[in-house]
Amino acid sequence: MMLVVLADGKSLEGDHYQIEEEFFRERGVEFRVEDCATEEEVIAACQDADAVLSVYAPMTEKVIAALPNCKALVRYGIGFDNIDVEAASKRGIAACNIPDYCIPEVATHTMAMLLQFERKIGLLDASVREGQWNPNAGFYSRRLSSLTLGLVGFGNIAQEVAKYAASFEMKIITYDPFISDEVVDRYGVKKVTLEQLFTDADYISAHVPLNEHTHHLINEEAFNKMKNSTVLLNTARGPIIDQTALVKALKEKTIRGACLDVLEHEPLQLDDEILKLEHVVITPHAAFNSEEAKQRLHLRVAETAYAILQGEHPSNILNRQAVVSAKG
Ligand SMILES: NC(=O)c1ccc[n+]([C@@H]2O[C@H](COP(=O)([O-])OP(=O)(O)OC[C@H]3O[C@@H](n4cnc5c(N)ncnc54)[C@H](O)[C@@H]3O)[C@@H](O)[C@H]2O)c1
């Protein structure tokens, strides 16, 4: 009997992995849920697995080398920074993500943060509850059609954000050297250099994957190029922004504010300096969240692992070439 192990089931909400349990039961595959956080724990719990599913569990070179039967590593999500894809490729193991399960949710969350920041709904609501009836209570806002949104990266989520922002008549610019002019033109978006984006945008929103090129892509040098009125949005990955430099920029009013769904170190600790700053909106890595997205994610993870165990090559294999050539 084939064995699929979910390495860190506690990282998933509630009992949503019933979808996987049912899926694998119907197909005669054993499915086990573990609660691993460290490399040693993953090795101990997954060494006999034919496929390993993970949320945040470290699928490093050391772990991958200790999984002799493994044919598939499937990540619950779009970002796959917990998996050493190169190490998987060397062993012909398929590394997979689920690239399309929450595109509208993350784009909606990005716009919700922008709208919340610009319209100060939370602040106004709190002022009414404190007994004030004052439309000017700490309120400074600009018409969205007068503002420029700068999208760093123009992949699936940024394209959806562009659609929403266009309906608010925002001017949209993007920096993404890997995307064709034709795609950018289709959304009525202007391609610019990263420097131009930092200089010109009123809202700057990160939508790149986290890798060695994008780590601290938005740093002190970048903040110094921005307008004092610029607001930063991050629904991508925390370490894309140098958080120490961000705190400094906010304290010194180099920029106006930040809306962050992801942080450099998660979960954020209550004594973190960033929580003491004004003009900062933080949500707990929740942009992906909707009932539809979660159900789709669980089913797609199970389908992906099963397809690979059946010798298929689904389109969401990240290292397709290495897997196909390893099979000969
Ligand atoms: N907060 C959440 O809950 C949540 C949920 C899903 C995805 N995400 C994150 O959202 C981000 C975007 O996801 P996506 O689905 O749009 O990914 P995607 O792969 O569709 O798009 C990423 C884009 O970034 C571009 N890019 C890569 N390196 C770049 C660089 N150095 N400079 C500029 N552009 C670069 C690529 O060309 C691509 O167009 C990822 O970081 C992902 O992990 C977060």
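The rules behind these values
- Residues numbered from 1 in each chain as written.
- Predicted model: local features only at pLDDT ≥ 70, side-chain atom pairs only at ≥ 80, totals over all residues.
- Heavy atoms only, no water.
- Helix = DSSP H or I, 4+ residues; strand = E, 2+ residues; numbered from the N terminus.
- Expected span 1.5 Å × (residues − 1).
- Buried < 20%, exposed > 50% of the residue type's maximum accessible area, 1.4 Å probe, protein only.
- Contact = heavy atoms within 4.5 Å.
- UniProt positions renumbered as here; feature names shortened; annotations may be inferred.
- Salt bridge = Lys/Arg side-chain N within 4 Å of Asp/Glu carboxyl O.
- Polar contact = N/O pair within 3.5 Å; in protein donor to acceptor, adjacent residues only side chain to side chain.

### Here's the deal with helix α7 (residues 156–167)
Point 1. For α7, with 12 residues, the first-to-last C-alpha span of 18 Å sits near the 16 Å given by 1.5 Å per residue.
Point 2. Taken together, the buried positions of α7 are Ile 157, Ala 158, Gln 159, Glu 160, Val 161, Ala 162 and Ala 165.
Point 3. Next to the buried residues of α7 lie α5 (103–119), β6 (148–152), β7 (171–175) and α8 (181–186).
Point 4. Of the residues flanking the end of α7, it is Glu 169, one or two places downstream, whose phi is positive at about 65°.

### Quick look at the UniProt feature "domain: D-isomer specific 2-hydroxyacid dehydrogenase NAD-binding" (unreviewed entry) in the protein chain
Point 1. In this structure's numbering, the residues bearing the UniProt feature "domain: D-isomer specific 2-hydroxyacid dehydrogenase NAD-binding" (unreviewed entry) are residues 111–287.
Point 2. The distance from the first to the last C-alpha atom of residues 111–287 is 11 Å, and the span holds 33% helix and 15% strand.

### Observations regarding unusual backbone geometry
Point 1. Residue Pro 267 follows Glu 266 across a cis peptide bond; omega there is -5°.
Point 2. Note on placement: Pro 267 falls in the loop between β11 (257–260) and β12 (280–282).
Point 3. Although it is not a glycine, Lys 120 sits at a positive phi angle of roughly 50°.
Point 4. Along the chain, the position of Lys 120 falls in the loop between α5 and α6 (121–129).
Point 5. In this structure Lys 120 comes out as buried when scored by relative accessible area, which is 9%.

### Side note on the pattern of salt bridges
Between side chains of opposite charge, pairing is possible as soon as their charged atoms come close.
Point 1. Tallied over the full model, the rule gives 24 salt bridges.
Point 2. Among the ionic pairs, Arg 186 bridges to Glu 182, the shortest N-O distance being 3.2 Å. Taken as a pair, Arg 186 and Glu 182 lie in helix α8 at a separation of four residues, close to a single helical turn. Comparing Arg 186 with Glu 182 shows no difference in burial state: the two are exposed.
Point 3. Three or more residues are tied together by salt bridges with common partners; here these are Arg 32, Glu 34 and Asp 48.

### Points about the environment of Arg 320
Point 1. Considering the arrangement of structural elements, one finds Arg 320 in helix α13 (residues 320–327).
Point 2. Assessed through its relative accessible area of 34%, Arg 320 is described here as partly exposed.
Point 3. Spatially, the C-alpha atom of Arg 320 lies 26 Å from that of Ile 19, the residues being 301 residues apart in sequence.
Point 4. Beyond its immediate sequence surroundings of up to four residues, Arg 320 is in contact with His 313, Pro 314 and Ser 315.
Point 5. Only 3.0 Å separates the side chain of Arg 320 from the backbone oxygen of His 313, close enough to count as a polar contact.
Point 6. Within the structure, the side chain of Arg 320 is placed 2.6 Å from the backbone oxygen of Pro 314, a separation counted as a polar contact.

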